[in-house]
Amino acid sequence: MARGAEMERQRVSIFDVARAAGVGVATVSRVLNSSPRVSPTTRARVEAAIEELGYHPSRLASGLSKGRQDMIAVLVPFITRPSVVSRLEGVIEVLDKSGYGTTLYSVASLSQRDRHLEYLMDRHASVGVIVISIPLSREHIASFRANGVQLSLIDTAGEDVPHVVVDDRVGGALAGMHLIGLGHRRIGFIGDEDLSGLGFASSYKRLTGLEDALVSFGRSLDRELIRLGPHGATTAKEMADDLLRLGNPPTAIFAASDTQALGVLRSAQANGLKVPDDLAVIGFDNLEVASIFNLSTIAQPLFESGVEGAQRLLCQLEGREVEQVKKVLRLELHARATTIRSAVGPMGTGLQRQLSAYV
């Protein structure tokens, strides 16, 4: 056999067989394992597809015959961040019920990303991969596809790959419109500076949405009121301190995450400002702490995005077509006491002490 033809045979995966036979991957695995739980008609159809495609069971299929559990890999950035944890909870909720095992890979740098991706592109490493928030290049996606590895993306997009996202620019505009509607004109912004080099763009998109809102009211974004830095409440407090000490400080601050918004609240407290009378504050995400501290925020469905992304991968593994490749989840404004005085009431002394301990 010519070398090129042999390479084509090697590219045939268990997913190709399942698709050709019109069954799920689990059914193909049962046929390979000589399981009695497959009807003669279905077995014949799978065996015909194996013969036609020239499929040779991989090490993964061999592992299945020895009773090892199929594994799904989940690639995540900065695993301790609350928003990532919430998405993961949704993913695991689905995968735990599916019978698949889960392996977690955390990424905080380009070298980590490249090392994990190189390993996961081998179809023997896992039956499918879920990527959360980490941008993939066209070359990455092409390599996964060439190796027969199924992909599902959450909070990041990919051409012809099932992905679940929110529109961060729309979210930024929602925050801006809310603050402008309350009469604020000098609006500050605190967001992330991507020091990892991984290409995260959500903060930039949220800032662009804020600018859209200002422009729609005939205003312009004052670059003097923008601060970007490493993600975290403590750094956000320091950046807010800087903004609040300007000769003409902002009357409102939009933070690109709830975690950073807590840093802004701590800064307001340290500078003797009343929220929202002296300074309005709004975050993004709607983490659990947002409701605890009565924080206004743009709510995104973090847990639901994890559920949706995991379900889309299972759909592919079962040989079914994902109907909507790109799914955009809805964002909502949750207006609370940090922007609207009458929403819940001012932050009491007890919550102020908790905030001081948190940041």
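Please refer to the structure higher up on the page.
These lines cover the structure that appears in this document, whether it is placed above or below. (Residues numbered from 1 in each chain as written. Predicted model: local features only at pLDDT ≥ 70, side-chain atom pairs only at ≥ 80, totals over all residues. Heavy atoms only, no water.)

With that settled, consider the layout of surface pockets. Counted as a void, the largest pocket has a volume near 950 Å³. Looking at the largest pocket, it is lined by 41 residues, and the ones nearest its centre are S133, D155, F200, A201 and S202. Those elements that place two or more of their residues in the lining of the largest pocket are α6 (82-98), β5 (163-165), α10 (202-216) and β11 (326-328). A per-element tally of the lining of the largest pocket places α10 first, with five residues. When its residues are assigned to classes, the lining of the largest pocket shows 17 nonpolar, twelve polar and twelve charged. In this structure, the second largest pocket encloses a volume near 480 Å³. Taken together, 21 residues form the lining of the second largest pocket, with R19, R145, Q150, D160 and Q316 sitting closest to its centre. Looking at the lining of the second largest pocket, the elements that each hand over two or more residues are α2 (14-21), α8 (138-146) and β4 (150-154). Looking at the lining of the second largest pocket residue by residue, the class counts come to eleven nonpolar, four polar and six charged. (1 Å grid on protein atoms, 1.4 Å probe; cavity = no way out; pocket = protein on both sides within 12 Å on 5 of 7 lines; lining within 4 Å. Points joined across faces, edges and corners; volume = space filled by probe spheres on them. Helix = DSSP H or I, 4+ residues; strand = E, 2+ residues; numbered from the N terminus. Nonpolar A, V, L, I, M, F, W, Y, C, P; charged D, E, K, R; others polar.)

Attention shifts here to the sheet that holds strand β1 (residues 71-77). With respect to topology, six strands assemble into an open sheet ordered β2-β1-β3-β4-β5-β11, the strand pairing being parallel. Every interior strand has two partners, whereas the edge strands, β2 (101-107) and β11, have only one. Taken pair by pair, the neighbouring strands of this sheet meet at an average axis angle of 15°, ignoring direction. By the bridge criterion, seven bridges tie β1 to β2 in an arrangement that is parallel. Bridge pairing in β2 places I72 opposite T102. Helix-sheet contacts for helix α7 (residues 110-120) involve β1, β2 and β3 (128-132), and the interaxial angle to β2 is about 150°. (Pairing = 2+ DSSP bridges. Axes fitted to C-alpha atoms, helices over the stretch in contact; angles between N-to-C directions. Contact = heavy atoms within 4.5 Å.)

Let us now look at the pattern of salt bridges. Side chains that differ in charge, positive against negative, can pair when their charged atoms come close. The tally for this structure, following the rule as stated, stands at 15 salt bridges. Ionic pairing is found between R138 and E159, a salt bridge with its closest N-O pair at 3.7 Å. Here R138, found in helix α8, pairs with E159, found in the loop between β4 and β5; they are 21 residues apart in sequence, far enough to count as distant. Neither residue differs from the other here; R138 and E159 are each classed as exposed. We note a salt bridge from D241 to K237, for which the minimum N-O separation is 2.7 Å. Linking D241 with K237, this pair stays in helix α11 (residues 233-244), spanning four residues, or about one helical turn. A residue is classified by how much of its surface remains accessible, and D241, at 7% relative accessible area, is buried. (Salt bridge = Lys/Arg side-chain N within 4 Å of Asp/Glu carboxyl O. Buried < 20%, exposed > 50% of the residue type's maximum accessible area, 1.4 Å probe, protein only.)

This structure, assessed with the given rule, holds two cavities of 30 Å³ or more. In this structure, the second largest cavity spans a volume of roughly 30 Å³. For the second largest cavity, the full set of lining residues is R87, D155, V164, V165, V166, Q300, S305 and L329. Class assignment of the residues belonging to the lining of the second largest cavity gives a composition of four nonpolar, two polar and two charged.

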